[in-house]
Amino acid sequence: MFGFLRKRKRDAISYPREFWILFWGVGINRVTASMIWPFLTVYMYMTLDVPLTTITLLFPLRAISSVLSTAVVSPIMDHTGRKGMMIFGLIASGLVFFAMAVATTLPIWALILFAFGAVLPIFNIGVNTMVADIVPQADRAPAYALIRTISNAGIAIGPVVGGILAVISFQLVFVLTGLSYLVLSVLTFFFVPETIPDNPDSKRGGLLSSGYGFLKDDMRFVWFMGIFFLLLMAYAHMFALLPVYVSENFGLREDQYSLMLTVNAGMVVFFQYAITRFTERFDDYYVMTLGASIYAMGLFSFVLGSELWHFMLSVSIVTLGELVVVPTATTLVANIAPDNMRARYLGVLSLGYPIGSGLGPVIGGYLNDTFAPVAMWYGAGTMALVATMGFVLLTYFRRRKPLPVPS
């Protein structure tokens, strides 16, 4: 154990100062953001007095706006730099949280979720791109694992605080979250340096020149992302629908659900780095296949749950899949991306989360309302199983005939 800690320390001091500034910035961001997002579906369900399906139909708006925003923001980052757009995204996100505190009708919430989807991914795209800018390729997997570790340390704290404050007032949580984003924007302005590579190709042509035409030439990336999106649609059930599922069917409170999120985040904090150092020894596509299969097992296991410890065990299994999949996916995309398209590749990767949380819960909500609440877990597990088979096929065909990448 102490040998591992000494090795981790040696690895850590090899990263540049800019990396550690981003590291702590992500920690601040996650503590405050995670105070509200786990309970957002519950809050809307309680205050709007509409069926769960109606609420979940709003989440595709967030996915659509994220696609549109990323399509514009990522090329801007590739051409003009990362920092300015990150600051804009933080300020705009703070204003969106303030709006959530006063929203009371379904149409207003539709507008807010559309804006929420547009601005929330910007900071994350910038962080992932900056890490790829400043960390050599051989060291990126552990670097992204460290980013996930601090991210989930924040997520371990945030839901507990949010669950306590939500009992007092959801509006208070919205306001505090909004203020935190504004403070982080100021810190980013003063302490985060610009990292865009000094590459003439990055600045050649108009601001949006070349756009996303590379996708038609890089089918390896396109197929990978399609399968990854499906996996995240399954994963989104655990965050968007599990709070409603356990509270409506088993009487668990918000603070009890927050314990499940603490298990998720705590596992990442304590095990992410070690697991990534192990899995980086193997082919990325094999690792993705293994992780997807663990997702499937965990999501199917929710069918058997009825008590808090049952659900905590299922969350643990799904989280193990997450530990295997997420840093591997980010590293794989960062490594295959050309320097002058790095933000665009990682921007497309970032769409997995809004698309997954936008489309997955719609399917789960429909299964819940049409058949039975437990049906959503059969649907989620099936999606993860299909994604597993997709990674198997992608690995097989990739080994038979390498797929082209953009020159």
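Numbering of residues begins from 1 in every chain and follows the order in which that chain's sequence is written. In keeping with the model being predicted, local features are shown solely for residues with a pLDDT of at least 70 and side-chain atom pairs are shown and tallied solely at 80 or more, while totals for entire chains, interfaces and linings include all residues. Hydrogens are left out, water is left out, and the side-chain values use all remaining heavy atoms of the structure.

### A few points about the packing of helix 12 (residues 219-240) against helix 15 (residues 284-301)
It is at 10 Å that the axes of helix 12 and helix 15 come closest, and there the two elements cross at 20°. If you check the angle between helix 12 and helix 15, you find them roughly parallel. Seen along the crossing, helix 12 lies across helix 15 with a hand that is left-handed. Residues R220, F224, F228, L231, A234 and Y235 of helix 12 form the contact with helix 15, whose participating residues are Y285, M288, A292, Y295 and L299. Here the contact of helix 12 with helix 15 is composed, by residue class, of ten nonpolar, no polar and one charged. Axes, fitted as lines to C-alpha atoms, cover a helix only where it is in contact. Angles between the N-to-C directions of the axes lie from 0 to 180 degrees. The numbering of helices and of strands both runs from the N terminus, where a helix is a DSSP run of H or I of at least 4 residues and a strand a run of E of at least 2. For classification purposes, angles smaller than 35 degrees are called roughly parallel, those larger than 145 roughly antiparallel, those between 65 and 115 roughly perpendicular, and all remaining angles oblique. Crossing chirality is assigned from the near helix's rotation relative to the far helix, an anticlockwise turn below a right angle marking it left-handed and a clockwise turn marking it right-handed. For this analysis, residues touch if any pair of their heavy atoms sits within 4.5 Å. Following the grouping adopted for this structure description, the nonpolar residues are Ala, Val, Leu, Ile, Met, Phe, Trp, Tyr, Cys and Pro, the charged ones are Asp, Glu, Lys and Arg, and the polar ones are all others, Gly among them.

### Quick notes on helix 13 (residues 242-250)
Residues L242, P243, V244, Y245 and V246 constitute the buried set of helix 13. In the stretch just after helix 13, G251 is the one whose phi turns positive, near 70°. Here the term buried applies to any residue with accessible area under 20% of the maximum for its type, exposed to any over 50%, and partly exposed to those in between, with areas from a 1.4 Å probe on protein chains only.

### A look at the confidence of the model for the chain
Atomic detail in the predicted coordinates should be set aside for any region of low pLDDT. Confidence of the predictor in every single residue is expressed as pLDDT, which spans 0 to 100. Across the chain, the average pLDDT comes to 84, with 91% of residues at 70 or higher. By mean pLDDT, the top-scoring element of the chain is helix 15 (96), and the lowest-scoring one is helix 1 (residues 2-12) (46). Predicted confidence for residues 402-407 stays below pLDDT 50, and this span has 13 contacts to residues more than four positions away or in other chains.

### A word on the nonpolar core
W109, F174, F224 and L242 are the most contacted members of the largest nonpolar core, which totals 121 residues. When residues in this core are grouped by element, the largest group, 14 residues, is from helix 12. Dropping the residues within four chain positions of it, L242 is found in contact with H237, Y257, M260, F302, F311, V315 and W377. Counting residues in each nonpolar core, the second largest holds seven residues, with M267, I275, L323 and V324 among its members. Residues belong to one nonpolar core when they are buried, are Ala, Val, Leu, Ile, Met, Phe, Trp, Tyr or Cys, and are joined through side-chain atoms within 4.5 Å.

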